[in-house]
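Read off the chains here:
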Amino acid sequence: MEAIETRYRTHTCGQLRKSDVGKEIKLAGWVHSYRDHGGLVFIDIRDRDGLTQLVFDADLCGHAVHEESRKLRSEWVVSISGTVTARGEGFENPKIPTGQVEVRVKTMEVLSISPTPPFMIDEYEKVSEERRLQYRFLDLRRPQMQETLRTRYKVTKTIRDFLGDLGFWEIETPFLTRSTPEGARDFIVPSRLAPGNFYALPQSPQLFKQLLMVAGCDKYMQIVRCFRDEDPRADRQAEFTQLDVEMSFIDVENITSIMEQLVAKLWKEILGVEVKLPLMRMDYDLAMNKYGCDRPDLRFGMELCDITELAHTLDFGVFKNAPMVKCIVVPGGGKFSRKETDALAEWAKGFGAKGLAVTKVTATGVDTGIAKFLAPVAAKLIEATGAKEGDLLCFAADSPKVVHKVLGELRLKMFRDMKIEPNQKYAFLWVVNFPAFDYDEEEGRYAATHHPFTAPNDEDLAKLDSKDRATVESIKSKAYDIVCNGSEIGGGSIRIHRIDTQQKVFAQLGLSEEQQKHKFGFLLDALAYGAPPHGGLAFGIDRLVMILRGISNIRDVIAFPKTQSGADLMCGAPNTIDDKQLREANIRVAMPPVAEKKPA
RNA sequence: GGGGGUGUAGCUCAAUUGGUUAGAGCACCGGACUGUCGAUCCGGAGGUUGCGGGUUCGAUCCCCGUCGCCCUCGCCA
């Protein structure tokens, strides 16, 4: 970073090199550390660019400044003037880029003082996250956090440059918008001017970007905050940032091609890594069958093996009565103790399984666990799965949904627990041809797999009128997700641009004409007035930055994140508001009833 | 809403089966020191063991409740 010259500084604290020796300069920054040798005082001064060692010697700066330098403490803010000097031989510090020089101070101005900080701004010090979040303004001074903020800016800058060059316009869409009860829970905002009415914060600008296509904007992008009132997770936050993109007159291959070029550019610019294009396209059905998951991690094998037919030949109730039986081979899993495999079964129950059947592969067949039931097909089983001596076979027998969930999760757990060596650092792919509809057993109706505006595949359009469950569930859609290392980093679809198709999809979702008009009337109006074929996608910027920085916690890539209970520990949000504000918003608070205490 | 983990000095952690005055490193305060750079040396101060209750002669430790934080299931078109 080049400093912009001001009354406080001519250079930054990471800038000076041997070529600057002899210059009279000014630096400003925070006192990072001090080493007081009595007659000679060393101060490391820090700004976001780096560290520079200052030397206070009474012979050069006079007694007053020398005495003042001995009073400096951590995180005070100072501006100094002095001379850049080469460090003597053996006194260089190879750990920092400015380590070949130091600044012999002549004058100093203390700009701010600080109490002893609750933790040191130091890469060595481990601090609890609670404390970091409480003092986020100090935490963000730490080099790792500054590096993440810098990466995050580089990501958005690269995106804007890339898409801008291709003719995309960045267009803002409203935050105060209409609640659409589909999907996640909305954050709501009371309307003062319309008592009893509410805005909702957008879960994404989905409908607005489609309207922009109808409006003839052709190519739209926006880096935009989205809001979903659901429980946070390690990779989920109530407010998060998306790159939102939409284009007119395109089909699936056009948008995925442009977007994977963008991804390759990001990896090149930020990591210097070449991503080989085009990325693999994998059908949703294949992903589910082989990996039990619609965002497979392709950095390792351990694929799911379908043994339903083989299993049904056995006289083993658990297998015989299950609609689907699959297994995975855990390499080297034969060393697991009974206790460990029992623990795995217990863990599997957390995903809806009744348990987890296992057996160990030996030189002659299978042993332990459910080996005695498998005996008649042991040879065929080992051949089908490719298992070797010393491996562990894990079986799930249940509905396809449960089988895939359990084995998909088990696959990931074994990758982590067994520390399996990944076959590549970044495994990208597109997952395509998602089913259009998902039957919700509880609600007794279909839900859109992606969202209700996703275009069905051309060859499936005729099936939209069907009432036959198998037919409807066989409809595939022009939706696509981009996945990296098992994390969904983006997703989108070609949208429906014909009003008749949109109405048919709404009808399959169980929306009456009246409900359609009430909830999405403005979209149907827009589609009636000449909508171009269009489609787009959204990237999760937070998750992108997580992968690019190798960070596993979303809070570490957000400047001011919230805790798992939705609190901002620094500013104290959310908080109560006073009666006047409530009255103006026409809100009366009704606290939830207190749960009855259990008798002691 | 459910399951699991966790909370002790400013920070990170320890404390035997429930038993003396709850310790250590770093940070902090005072002093010494002209080549340190995670400085060193000498000395010092620092505790509502998250909070409330219970059992006990005695609780950081056991029990009940409660709060914060983390992971997770549900949820996240």
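Reading guide: rules and limits
Residues numbered from 1 in each chain as written. Chains lettered and ligands numbered in written order. Predicted model: local features only at pLDDT ≥ 70, side-chain atom pairs only at ≥ 80, totals over all residues. Heavy atoms only, no water. Domains from an automatic or database assignment. Near = heavy atom within 4 Å. Polar contact = N/O pair within 3.5 Å; in protein donor to acceptor, adjacent residues only side chain to side chain. Helix = DSSP H or I, 4+ residues; strand = E, 2+ residues; numbered from the N terminus. Pairing = 2+ DSSP bridges. Axes fitted to C-alpha atoms, helices over the stretch in contact; angles between N-to-C directions. Contact = heavy atoms within 4.5 Å. Phe/Tyr/Trp six-rings, centres within 6.5 Å; stacked < 30°, edge-to-face > 60°. Buried < 20%, exposed > 50% of the residue type's maximum accessible area, 1.4 Å probe, protein only. Lys NZ or Arg CZ within 6 Å of the ring centre and 35° of its normal. Salt bridge = Lys/Arg side-chain N within 4 Å of Asp/Glu carboxyl O.

Is there a simple way to explain the domain arrangement of chain A in this structure?
Interface size is commonly expressed as the accessible surface area that is lost when the partners come together. For chain A, the assigned domains read domain 1 (18-112), domain 2 (144-276 + 540-556), domain 3 (300-417) and domain 4 (435-476 + 498-531). With centres defined by C-alpha atoms, the gap from domain 1 to domain 3 works out at 65 Å.

Just to check I follow, could you spell out the protein's contact with RNA strand B for this structure?
Neighbouring RNA strand B are 56 residues, the closest being Phe91, Glu102, Arg104, Glu230 and His450. Restricting the count to atoms of RNA strand B within 4 Å of the protein gives a sugar and phosphate share of 53%. A distance of 2.6 Å is found between a sugar or linking oxygen of RNA strand B and a side-chain nitrogen or oxygen belonging to glutamate 130. Interatomic distance of 2.6 Å between a side-chain N/O atom of glutamate 230 and a sugar or linking oxygen of RNA strand B. Of all the secondary-structure elements, those providing two or more residues to the surface near RNA strand B are strand 1 (24-36), strand 2 (40-47), strand 3 (50-57), helix 1 (58-71), strand 5 (101-112) and helix 2 (129-134).

Honestly, the sheet that holds strand 2 in this entry has me stumped. Any pointers?
By definition, the strands of a sheet pair up through backbone hydrogen bonds, in either a parallel or an antiparallel sense. Strand order in this closed barrel of 5 strands is 1-2-3-5-4, and the pairing throughout is mixed. On average, each strand axis in the sheet is inclined to that of its neighbour by 55 degrees, with strand direction left out of account. Taken strand by strand, helix 1 contacts strand 1, strand 2, strand 3 and strand 5, and its axis lies near 110 degrees from that of strand 3.

Please clarify how the pairing of strand 5 should be interpreted in this entry.
Put simply, side chains in a regular strand alternate between the two faces of the sheet. As defined by bridge partners, strand 3 adjoins strand 5 across 2 bridges and the pair is classed as parallel. Pairing of leucine 54 across the sheet is with valine 103, part of strand 5. Examined bridge by bridge, strand 4 (residues 77-86) and strand 5 share 10 bridges and lie antiparallel to one another. If you follow serine 81 over to strand 5, its bridge partner there is threonine 107.

It is not clear to me how the packing of aromatic side chains should be interpreted in this structure. Could you clarify?
Both the distance between ring centres and the angle between the ring planes are used here to describe each pair of aromatic rings. What the rule picks out here adds up to 16 aromatic pairs. Taking 6.2 Å as the distance between ring centres and 75 degrees as the angle between the ring planes, the aromatic pair formed by tyrosine 135 and phenylalanine 137 counts as edge-to-face. The class for phenylalanine 137 is partly exposed, based on a relative accessible area of 48%. Of note, arginine 411 hangs over the ring of phenylalanine 300, and the distance from its end group to the ring centre comes to 4.1 Å. Above the face of the tyrosine 439 ring, arginine 469 is positioned so that its terminal group lies 3.9 Å from the ring centre.

Sorry, what's going on with unusual backbone geometry here?
Peptide bonds are trans in most cases, and residues, glycine excluded, mostly fall at negative phi. Along the chain, leucine 277 connects to proline 278 via a cis peptide bond; the corresponding omega equals -5 degrees. Looking at the secondary structure, you find proline 278 in the loop between helix 6 (252-271) and strand 11 (280-283). With a phi angle near 60 degrees, asparagine 433 is a residue other than glycine that sits in the positive phi range. If you trace the backbone, asparagine 433 turns up in the loop between strand 17 (428-432) and strand 18 (437-440).

Mind showing me how you'd approach the side chain of glutamate 246 here?
Inspection of the secondary structure puts glutamate 246 in strand 10 (residues 239-248). Taking the relative accessible area as the measure of exposure, glutamate 246 reaches 0% and is therefore buried. At 2.8 Å, the side chain of glutamate 246 forms a polar contact with the side chain of arginine 495. In contact with glutamate 246, not counting residues within four places along its chain, are Phe168, Lys209, Gln210, Met213, Asp218, Lys219, Tyr220, Arg495, His534, Gly535, Gly536 and Leu537.

Sorry, what's going on with the pattern of salt bridges here?
If the charged atoms of two oppositely charged side chains come close together, the side chains can form a pair. Summed over all chains, the structure comprises 44 salt bridges. In this structure, arginine 281 engages glutamate 253 in a salt bridge whose closest nitrogen and oxygen atoms are separated by 3.1 Å. Taken together, the residues arginine 281 in strand 11 and glutamate 253 in helix 6 connect sequence positions 28 residues apart. Residue glutamate 253 is classed as partly exposed on the basis of its relative accessible area of 48%. When salt bridges that share partners are traced, they join Arg132, Arg136, Asp139, Arg142 and Asp556 into one network.

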